[in-house]
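Structural features, examined
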Amino acid sequence: QVQLVESGGGLVQPGGSLRLSCAASGSIFSIYAMGWYRQAPGKQRELVAAITGGGSTNYADSVKGRFTISRDYAKDTVYLQMNSLKPEDTAVYYCNADIRTGQITRGDYWGQGTQVTVSS
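So, a few notes on the structure that sits alongside this text. (Residues numbered from 1 in each chain as written. Predicted model: local features only at pLDDT ≥ 70, side-chain atom pairs only at ≥ 80, totals over all residues. Heavy atoms only, no water.)

1. Quick notes on the environment of Ala 24
- Inspection of the secondary structure puts Ala 24 in strand S3 (residues 18-26).
- A residue is classified by how much of its surface remains accessible, and Ala 24, at 9% relative accessible area, is buried.
- Sequence spacing of Ala 24 and Gly 111 is 87 residues, and the spatial spacing of their C-alpha atoms is 8.9 Å.
- Those residues within four positions of Ala 24 in sequence are excluded, and the remaining contacts are Gln 3, Leu 4, Ile 31, Asp 76 and Ile 99. (Helix = DSSP H or I, 4+ residues; strand = E, 2+ residues; numbered from the N terminus. Buried < 20%, exposed > 50% of the residue type's maximum accessible area, 1.4 Å probe, protein only. Contact = heavy atoms within 4.5 Å.)

So, in structure tokens, the structure goes:
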């Protein structure tokens, strides 16, 4: 059993900052890539940022230069630092991780989502 628990969402004014955290726990053998997705009302879920097991990162064009993804390998935790937030960043943000739970078992896991609202 694996759980991803997110925290750090909330309401912020345009131009403000938020930091999201996502901690993985449970029967974890190893974690490969971790990432953040978001889904705004009426839109499809989209990748925001991802970080591989080796530390390589990639970002959606819409957040480059404003968001930073990082990872604490010892704590099985991934972070998303969001700066210069815009109203169009408003969405539910989901954590995702590619996790090996045994010698032959590996799966894609999701957190429950955390709401980020950017509004004055």
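So that's the structure; there's more coming.
2. Describing the sheet that holds strand S8 (residues 77-82)
- Strand order across the open sheet formed by four strands is S1-S3-S8-S7, with antiparallel pairing between neighbours. Two strands bound the open sheet, and with one partner strand each, they are strand S1 (2-7) and strand S7 (67-72). For this sheet, the mean angle separating the axes of adjacent strands, direction not counted, is 15°.
- Sheet analysis places S7 next to S8, joined by six bridges and oriented antiparallel. Within S8, the residue paired with Asp 72 across the bridge is Thr 77. (Pairing = 2+ DSSP bridges. Axes fitted to C-alpha atoms, helices over the stretch in contact; angles between N-to-C directions.)

3. Observations regarding the pairing of strand S10 (residues 106-110)
- In the sheet, strand S9 (residues 91-100) pairs with S10 via five bridges, with the strands oriented antiparallel. Within the sheet, the bridge partner assigned to Ile 99 lies in S10 and is Gly 107.
- Between the antiparallel neighbours S9 and S10 lie five residues.

4. Describing the nonpolar core
- If you look at the biggest cluster of nonpolar residues, it comprises 29 residues, and the most contacted ones within it are Trp 36, Val 48, Phe 67, Val 78, Leu 80, Met 82 and Tyr 93.
- Of all elements in the fold, only S1, S3, strand S4 (30-39), strand S5 (46-51), S7, S8, S9 and strand S11 (114-118) reach the threshold of two or more residues within this core.
- Counting residues per element, this core draws most heavily on S9, at five residues.
- When neighbours within four sequence positions are excluded, Met 82 is seen to be in contact with Gly 16, Ser 17, Leu 18, Leu 20, Arg 66, Phe 67, Tyr 93 and Val 116. (Core = buried A, V, L, I, M, F, W, Y, C linked by side-chain atoms within 4.5 Å.)

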